Amino acid sequence: MAAPANIVKWVNEQYPRPALDPVWLRDCCSWIASSYSLSPTDFPQFSSHSSLADSTLPNTGLPQNIRTIKRARLTGLPCLVEICAISDIGISAFSLMNVRQNRMDRADLAGLVGEDEEDAEEDEGPVPKYPRGMLRLELSDGITTVEAVEYRSIPQLELGVTPLGYKIRSGVIFLEPQTIELKGHQTEDHEVMQDEIFLRSLRRRLG
């Protein structure tokens, strides 16, 4: 049984690139109906909670030759992508590594004494934030991955806060608030790897 026609129409209008896999869409609609006793029409943004690798058709998003494109602006409709890695190239890797270690030490201490986050902040002060420079992101349409950088600061994206799997719709790879649409959400399989991916990027920069 195919997904409801109105859902297919809405998805194609809202997220033309990359194209959603019709089999995934059908199964997702059935799962929503059976697991939550909801009609899929009551939950129109469910696709944003899934990894694009699982829910979209290959080679329908970013251009396959994107790494050879010399200019930053892409042709065609904006593409929905998800953040696969995030770092800050405007701050030294050494400084970021120190902040990361302080954050890890705070989390370990809170776990040892059984404190929740609010109690820990009262005792030790707020968890240190990463300094803000220029973010570099790895963005994926589920198949193709490309590096993108902030051309102007996007306050809603924050190292140590923005989860992996967070969705963005954009037609450029030099990012600024006026050229992107933030869709939010996260995917658990990406998020559990966030610190390891971040640590690897810092180690590469440190040599």
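Definitions and cut-offs
Residues numbered from 1 in each chain as written. Predicted model: local features only at pLDDT ≥ 70, side-chain atom pairs only at ≥ 80, totals over all residues. Heavy atoms only, no water. UniProt positions renumbered as here; feature names shortened; annotations may be inferred. Helix = DSSP H or I, 4+ residues; strand = E, 2+ residues; numbered from the N terminus. Expected span 1.5 Å × (residues − 1). Buried < 20%, exposed > 50% of the residue type's maximum accessible area, 1.4 Å probe, protein only. Arc of directions from axis to C-beta. Phe/Tyr/Trp six-rings, centres within 6.5 Å; stacked < 30°, edge-to-face > 60°.

- As recorded in an unreviewed UniProt entry, the chain goes by the name RecQ-mediated genome instability protein 1, listed as coming from Suillus placidus.
- The chain has a UniProt comment under Sequence similarities (unreviewed entry) that states "Belongs to the RMI1 family."

### Points about helix α7 (residues 194–206)
Side chains three or four residues apart in an α-helix point the same way, a direct result of the helix having 3.6 residues per turn.
Logical step 1: Compared with the 18 Å implied by 1.5 Å per residue over 13 residues, the 19 Å span of α7 between its first and last C-alpha is a close match.
Logical step 2: Inspection of α7 places Q194, F198, L199, S201 and L202 among the buried residues, and these make up the whole buried set. In a view along the axis of α7, the buried residues occupy a sector of 160 degrees, so they form one face of it. Those residues of α7 that are exposed and aimed more than 90 degrees away from the buried face are R203 and R204.
Logical step 3: At the exit of α7 stands G207, carrying a positive phi of roughly 80 degrees.

### A few points about the packing of aromatic side chains
Logical step 1: Under the counting rule described, the total for this entry stands at two aromatic pairs.
Logical step 2: When the ring of W10 is compared with that of Y15, the centres are 5.9 Å apart and the planes differ by 75 degrees; the resulting orientation is edge-to-face.
Logical step 3: The exposure class assigned to Y15 is buried, which follows from its relative accessible area of 4%.
Logical step 4: Judged by centre distance (5.4 Å) and plane angle (80 degrees), the rings of Y130 and F198 are edge-to-face. In this pair, Y130 sits in the loop between α5 (117–124) and β2 (135–140) while F198 sits in helix α7, placing the two residues 68 residues apart along the sequence.
Logical step 5: Taking the relative accessible area as the measure of exposure, F198 reaches 6% and is therefore buried.

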